[in-house]
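Overview (structure and organization)
Residues per chain, in single letters:
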Amino acid sequence: MSELLLGDEAIAQAALDADIAGVYAYPGTPSTEITEYIQKAKHVQKLPIHASWCTNEKTAYEAALGVSYAGKRALVCMKHVGLNVAADAFINSAVTGTNGGLVLVSADDPSMHSSQDEQDSRFYAKFAMIPVLEPSNQQEAYDAVRYAFDLSEEVKLPVMLRITTRLAHSRAGVVTKPKVQVSPKPLPSSISQFVLLPVNARKQYKLLLSLQPKLLELAETSSYNILEDGTDTSLGIIACGIAYNYVKENTEKFGLKYPILKISQYPFPEKSAKDLIDRCKRVLIFEEGYPIYEELLRGLLNREQKISGRLDGTLPRDGELNPDIVAAALNHPQQSSFATPELLAGRPPQLCNGCSHRDVYEALNESLKDVKEKHVFSDIGCYTLGALPPFNAINTCVDMGASITMAKGAADAGLRPAVAVIGDSTFTHSGITGLLDAVNDNSPLTVIISDNDTTAMTGGQDSPGNGKLFNICKGIGVKEEHIVKLLPHRNQLEKNVAVMKQEFAYEGVSVIIANRECIQTASRKKKK
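Now for a look at the structure at hand. Treat the numbers as computed from the prediction; the structure is a model and nothing was measured. What you see as residue numbers is a count from 1 along each chain, following the sequence as written. With the structure being a predicted model, the display of local features is reserved for residues of pLDDT at least 70 and the display and counting of side-chain atom pairs for 80 or more, all residues being used for whole-chain, interface and lining totals. Hydrogens and water are ignored here; the side-chain numbers use all heavy atoms of the structure.

Right, let's talk about the overall build of the protein for a bit. Numbering of helices and strands runs from the N terminus; a helix is a DSSP stretch of H or I covering at least four residues, while a strand is a stretch of E covering at least two. Each helix and strand counted, the protein has 18 helices and 18 strands in total. Structurally, the protein occupies a C-alpha span of about 75 × 65 × 50 Å along its principal axes. Residue exposure (1.4 Å probe, protein chains only): buried if accessible area is under 20% of the type maximum, exposed if over 50%, otherwise partly exposed. Split into buried and exposed, the 528 residues of the protein put 56% on the buried side. Contacts: residue pairs with any heavy atoms within 4.5 Å of one another. Here the contacts in the protein between residues at least 6 apart in sequence split such that 78% fall between residues at least 24 apart. The accessible surface values rely on the Shrake-Rupley method and a 1.4 Å probe; as for residues, cover is taken only from the protein chains in view. When the accessible area of the protein is evaluated, it comes to approximately 22900 Å², of which 53% is carbon and sulfur surface. When charges are counted, neither His nor the chain ends are considered; positive counts come from Lys and Arg and negative counts from Asp and Glu. By convention, the point assigned to a charge is CZ for Arg, NZ for Lys, CD for Glu and CG for Asp. Taking the average place of the 55 positive charges on the side chains of the protein and the average place of its 61 negative ones, the gap between the two points comes to 3 Å.

Structural data, given as structure tokens:
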């Protein structure tokens, strides 16, 4: 059966066809559509498949590891910076090993289309010493997921599927296969495997190290790693993941006959790379993201003069690749649709008309207009657009939850008023612990939770804290008289300004919950 699918959707369908018991995720572009596809699949509702959103990436990964422990298959999805949040569980799961198949999809965002950085998840996988699959197209993404579950159960390790934005959010025809029925694995027979006390961890770590030759051999013989012969050995090409498509587009267009080593399974197949390098005068490596394996090859083979890529300027050091960049590196400059027309005006993103965040920022700016040096600590979400005109209301956005902890530190350092702005979903993701720190130290700061009842930036997923924020803050220890609810609306501006000024003057921890439903989710509900 052939279907037109996004890369994300191909991954989701493959996971369903591989007989998963659950998908665990926190929404983050470009990975969000994987979980949404599974949630919306009609037949899933009749199956015992868990498919609800988690509070953050760490809880998602740990829940998926629990499914694996119980002997069933689990998919866990996140964007690249989400892996930072899940890193503790992820790294240690390579040491514990797995039981049922466990596949992690980490969706990287080179060029930072909707992210704070363009870190490369392959670094994490190399650090954890687990297998990685990096598909080059949607069909390969589908096939690789099914293979990844089998591989995970064969080597008893989590397997990472690394994709990038272009693959996640582009469509292609995908031939699907019949669903498999997988019998649950028995519970782990070793009672010490998942107990990482040092005495057990040392034993498990030796086991992980002993698996490395097998993982390397699997990569060397993998059907996802292919050496295509070529008659022109003046240049050899190594193309990783989606970069292979850009290379093939150019070699076919210009009739280039260079040998090409396609890499879509790691550990990096060193023998195959050495064979290519020995045959060719020079080697050009195309990898989306960091020059991880360009660095490895330069060190491994000690032939720096032969290997080119991002490190020597042949390719840009930052940003995603595209056919034009690849063409230029192959000395065939071309103009394509990737060039931005000069007449196209820049359109910076902005908050929706009617958005409750707008009213929060209008009240915030008005309440702080007499403060000479205004510093507002903010967080990651739609409300981060408050940094742009016409509001220019916030001064920081570093990582999930940092608004509260940075405001606490600034308050401890004497900054007054110390104000943090955070969304409802980000608050439950990573803000609660920072608020607890503030309560324990009685740091003088005000936290404004701009609560729009959803995770709006990624499409309107359910927010874990819906209807619970007041009680959460009270349970943490914020004094009830300083947990204030307000309605962010233009006709409430004067009242809201007065509330903010009052709480900013308080020499302790206060929380303002500004609650009004997202205009987009409200509109969708009305249409339904």
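So much for the structure itself; the text now carries on.
For Phe, Tyr and Trp, where Trp contributes only its six-membered ring, two rings pair if their centres lie within 6.5 Å, and the inter-plane angle classes them as stacked under 30 degrees, edge-to-face over 60, or tilted in between. Summed over all chains, the structure comprises eight aromatic pairs. Judged by centre distance (5.5 Å) and plane angle (35°), the rings of Tyr147 and Tyr224 are tilted. In this pair, Tyr147 sits in helix H6 (residues 138-155) while Tyr224 sits in the loop between helix H8 (198-220) and strand E8 (226-228), placing the two residues 77 residues apart along the sequence. On the accessibility criterion, Tyr224 (10% relative accessible area) is buried. By the ring-pair criterion, three or more aromatic residues cluster together here, those being Tyr61, Phe90 and Tyr124. In this arrangement the basic side chain of Lys262 is found over the ring face of Tyr244, its NZ or CZ atom lying 5.7 Å from the centre. Counting as a charge over the ring demands two things of the Lys NZ or Arg CZ atom: a distance within 6 Å of the ring centre and an angle within 35 degrees of the ring normal.

Structurally, the position occupied by Ser115 is in the loop between strand E4 (102-108) and helix H5 (121-128). Ser115 gets classed as buried once you look at its relative accessible area, which sits at 15%. Among the polar contacts listed, one links the side chain of Ser115 to the side chain of Asp109, at a separation of 2.6 Å. The contact partners of Ser115, leaving out residues within four places of it in the chain, are Thr29, Lys79, His80 and Asp109. In the analysis that follows, any N or O atom pair within 3.5 Å is treated as a polar contact, provided that within protein one partner can donate a hydrogen and the other can accept it, and provided that, for residues neighboring in sequence, both atoms belong to side chains.

The subject of this paragraph is the sheet that holds strand E18 (residues 509-515). Note on pairing: DSSP must find at least two bridges between two strands before they are called paired. On the basis of which strands lie adjacent, the open sheet formed by five strands has the order E14-E15-E16-E18-E17 and parallel pairing. Edge positions in the sheet fall to strand E14 (376-377) and strand E17 (483-486), since each has one partner strand and no second. Every axis in this analysis is a line fitted to C-alpha atoms, fitted for helices over the stretch in contact. Angles between the N-to-C directions lie between 0 and 180 degrees. Helix H13 (residues 356-367) contacts E14, strand E15 (419-423), strand E16 (445-451) and E18 of the sheet and is inclined by roughly 155° relative to E16. Packed on one face of the sheet, helix H16 (residues 469-476) meets E16, E17 and E18 and runs near 165° to E17.

A few words on the packing of helix H1 (residues 7-17) against H6. Two elements in contact, H1 and H6, have axes separated by 8 Å at closest approach and are oriented at 30°. If you check the angle between H1 and H6, you find them roughly parallel. Like other packed secondary-structure pairs, H1 and H6 cross with a definite hand, here right-handed. Here H1 contributes Gly7, Ala10, Ile11, Gln13, Ala14, Ala15 and Asp17 to the contact with H6, which in turn contributes Gln138, Ala141, Tyr142, Val145, Arg146 and Phe149. Partitioning the contact of H1 with H6 into residue classes produces eight nonpolar, three polar and two charged. Geometric relationships in this document are graded by angle, where less than 35 degrees denotes roughly parallel, more than 145 denotes roughly antiparallel, 65 to 115 denotes roughly perpendicular, and other angles denote oblique. In this scheme the crossing of two helices becomes right-handed for a clockwise turn of the near helix relative to the far one and left-handed for an anticlockwise turn of less than a right angle. Put simply, Ala, Val, Leu, Ile, Met, Phe, Trp, Tyr, Cys and Pro go in the nonpolar bin, Asp, Glu, Lys and Arg in the charged bin, and everything else, Gly too, in the polar bin.

The next subject is the sheet that holds strand E2 (residues 22-25). Overall, mixed pairing links the six strands, which are arranged E2-E3-E4-E6-E5-E11 in an open sheet. Here the strands that pair on one side only, and so sit at the sheet edges, are E2 and strand E11 (265-266). Across six bridges, strand E3 (residues 74-79) lies against E4 in parallel orientation. Considered in E4, the bridge of Cys77 is made with Val105. Seen against the sheet, helix H3 (residues 57-69) touches E2, E3 and E4 and runs at an angle of roughly 165° to E3.

A few words now on the side chain of Thr164. Structurally, Thr164 can be placed in strand E6 (residues 159-164). Apart from residues no more than four positions distant in its own chain, Thr164 is found in contact with Asp108, Pro110, Ile242 and Glu288.

With that settled, consider the pairing of E16. Of all seven residues that make up E16, seven are buried, and the element is covered over most of its length. The side-chain alternation of E16 yields two buried faces, one formed by Leu445, Val447, Ile449 and Asp451 and the other by Thr446, Ile448 and Ser450. Here the term right-handed applies to a crossover when the path leading from its first strand over the helix to its second strand runs clockwise, the strands being oriented away from the viewer. Handedness of the E15-helix H15 (residues 424-441)-E16 crossover: right-handed. In this sheet, E18 lies alongside E16 in parallel orientation, the contact comprising seven bridges.

Locating Thr176 in the fold gives a position in the loop between strand E7 (171-175) and H8. Sequence-wise, Thr176 and Asp17 are 159 residues apart; in three dimensions their C-alpha atoms are separated by 8.4 Å.

Attention shifts here to a nonpolar patch on the surface. A cluster of nonpolar side chains, namely Val195, Leu197 and Val199, defines an oily patch on the protein surface of about 260 Å² accessible area. Looking at the element boundaries, Leu197 is found in the loop between E7 and H8. A residue counts toward a patch only above 30% relative accessible area and without a salt bridge, and it is joined to like-charged neighbours within 9 Å or, for Val, Leu, Ile, Met, Phe, Trp and Tyr, to nonpolar neighbours within 5 Å. Think of a salt bridge as a Lys or Arg side-chain nitrogen and an Asp or Glu carboxyl oxygen that are within 4 Å of each other.

At the junction of Thr29 and Pro30, the peptide bond is cis and its omega measures out at 15° in the coordinates. Mapping Pro30 onto the fold places it in the loop between E2 and helix H2 (32-40). A positive phi angle, close to 45°, is found at Asn392, a residue other than glycine. Relative to the assigned elements, Asn392 resides in the loop between E14 and helix H14 (402-412).

Looking now at the nonpolar core. Looking at soluble globular proteins, one finds that nonpolar side chains tend to be buried together. Put simply, buried Ala, Val, Leu, Ile, Met, Phe, Trp, Tyr and Cys residues joined by side-chain atoms within 4.5 Å make one nonpolar core. Counting 106 residues, the largest nonpolar core has Leu75, Phe90, Ile238 and Phe286 as the members making the most contacts within it. Among the elements that take part in this core, H6 stands out by supplying eight residues, more than any other. Look past the residues within four positions of Leu75 in its chain and what remains in contact with it is Ala15, Ile20, Gly22, Val23, Tyr24, Ile34, Ile38, Val103, Val105 and Phe149. Core analysis: the second largest hydrophobic core is formed by 47 residues, Leu364, Val447, Leu469 and Val484 among them.

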